[in-house]
Structure formats: structure tokens, C-alpha cells
Amino acid sequence: MDLSYEVKDSYAEIRAAGRLNMVSAPKLREFVADVVASGSSRIVVNLEDTAFMDSSGLGALIGCLKAARQAGGDLRIAAVQPQVKMVLELTSMDRVLTSYATADEAFGND
């Protein structure tokens, strides 16, 4: 999985490209922890280029959400692909991780 981020006006956008699975989940957790440590606690994970996620990836996103909230911010997801959306819906985690069409919409009204 390739990870990159860009600090926008009111949030940091993390772009995740590849498979979010047991191999890449620890990498995502560490990456988000580093972004939060650098002072960005409002985070959008852009999943536009993530076509697959398993339970390890879901756990990583939940862990990242917790880290962002503990820092006084929030984590939201954007551009969710069909397989990832299915995992979120089957586990009812779509109620916890609200999905937005684009990264800009995620914190657009806050």
C-alpha cells in the first residue's frame, strides 16, 4: 500500500492506494499516528485507490479514528470503493466511519 498526505486548510488528506489488509494495516496505523503527531488531528482517508479491505484494514481504520479523536480531532473516509463499502455495511461500521463522496466534502461543513 502506498500512503501519502497533504495538509489542506482545515484537515489532512491521506491517500491510500492498494490493498488495505493484514500486511498494510500496521503501515496505515503508523502513518496516521505520525500525521496526528505532526499536529493534524482532523484527517480524511481518501480510499479512491483502495479496491480491497479486509477485517485487519477495518481494524486499522478504527484504530486511526480512535487516535484522531484522542488528539481532539476526527477521522473521516472519502471516495469509498464498492468492496470496501460492502465490508463497512456488513459490519455496520458504516455508522461509525461516515463516508463522503470526496475528501473536500468530509470536513466541508465544519
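Refer to the structure printed above.
All right, on to unusual backbone geometry then. Phi is mostly negative for residues that are not glycine, and the peptide bonds are mostly trans. Positive phi values are uncommon outside glycine, yet Ala79 reaches one of about 55°. Topologically, Ala79 is positioned in the loop between β4 (74-78) and α3 (82-90). At Ser92, a position not held by glycine, the phi torsion is positive, near 60°. With respect to the helices and strands, the residue Ser92 is situated in the loop between α3 and β5 (99-100).

This brings us to helix α1 (residues 25-37). When the terminal C-alpha atoms of α1 are compared, their 18 Å separation across 13 residues agrees well with the 18 Å that a helix rising 1.5 Å per residue should span. The set of residues buried in α1 consists of Ala25, Leu28, Val32, Val35 and Val36. The buried side chains of α1 occupy one side of the element, clustering within an arc of 100° when seen end-on. Looking at α1, the residues exposed on the side facing more than 90 degrees away from the buried face are Glu30 and Ala37. At its buried positions, α1 is contacted by β1 (2-7), β2 (12-20), β3 (42-53), α2 (55-70) and β4. A positive backbone phi angle near 110° is found at Gly39, which sits one or two residues after α1.

Before going further, it helps to spend a moment on the nonpolar core. Counting 29 residues, the largest nonpolar core has Leu61, Leu75, Ile77 and Leu88 as the members making the most contacts within it. Of all the elements in the fold, those that place two or more residues in this core are β2, α1, β3, α2, β4 and α3. A total of six residues in this core trace back to one element, the largest contributor, which is α2.

Sheet architecture is open: five strands sit in the order β1-β2-β3-β4-β5, paired in mixed fashion. The two strands at the open ends of the sheet, each matched to only one other strand, are β1 and β5. Taken together, the five bridges between β3 and β4 define a ladder with parallel strand orientation. Across the sheet, the residue bridging to Asn46 is Ala78, located in β4. Along the sheet, α2 makes contact with β2, β3 and β4, crossing β4 at roughly 140°. Across the sheet, α3 touches β3 and β4, and the angle it forms with β3 is around 110°.

Attention shifts here to the environment of Gly73. In this structure, Gly73 sits in the loop between α2 and β4. Between the alpha carbons of Gly73 and Val36 there is a distance of 9.0 Å; along the sequence they are 37 residues apart. Not counting the four nearest positions on each side in its chain, Gly73 is found in contact with Ser41, Arg42 and Ala68.

So, how was this worked out
Residues numbered from 1 in each chain as written. Predicted model: local features only at pLDDT ≥ 70, side-chain atom pairs only at ≥ 80, totals over all residues. Heavy atoms only, no water. Helix = DSSP H or I, 4+ residues; strand = E, 2+ residues; numbered from the N terminus. Expected span 1.5 Å × (residues − 1). Buried < 20%, exposed > 50% of the residue type's maximum accessible area, 1.4 Å probe, protein only. Arc of directions from axis to C-beta. Contact = heavy atoms within 4.5 Å. Core = buried A, V, L, I, M, F, W, Y, C linked by side-chain atoms within 4.5 Å. Pairing = 2+ DSSP bridges. Axes fitted to C-alpha atoms, helices over the stretch in contact; angles between N-to-C directions.

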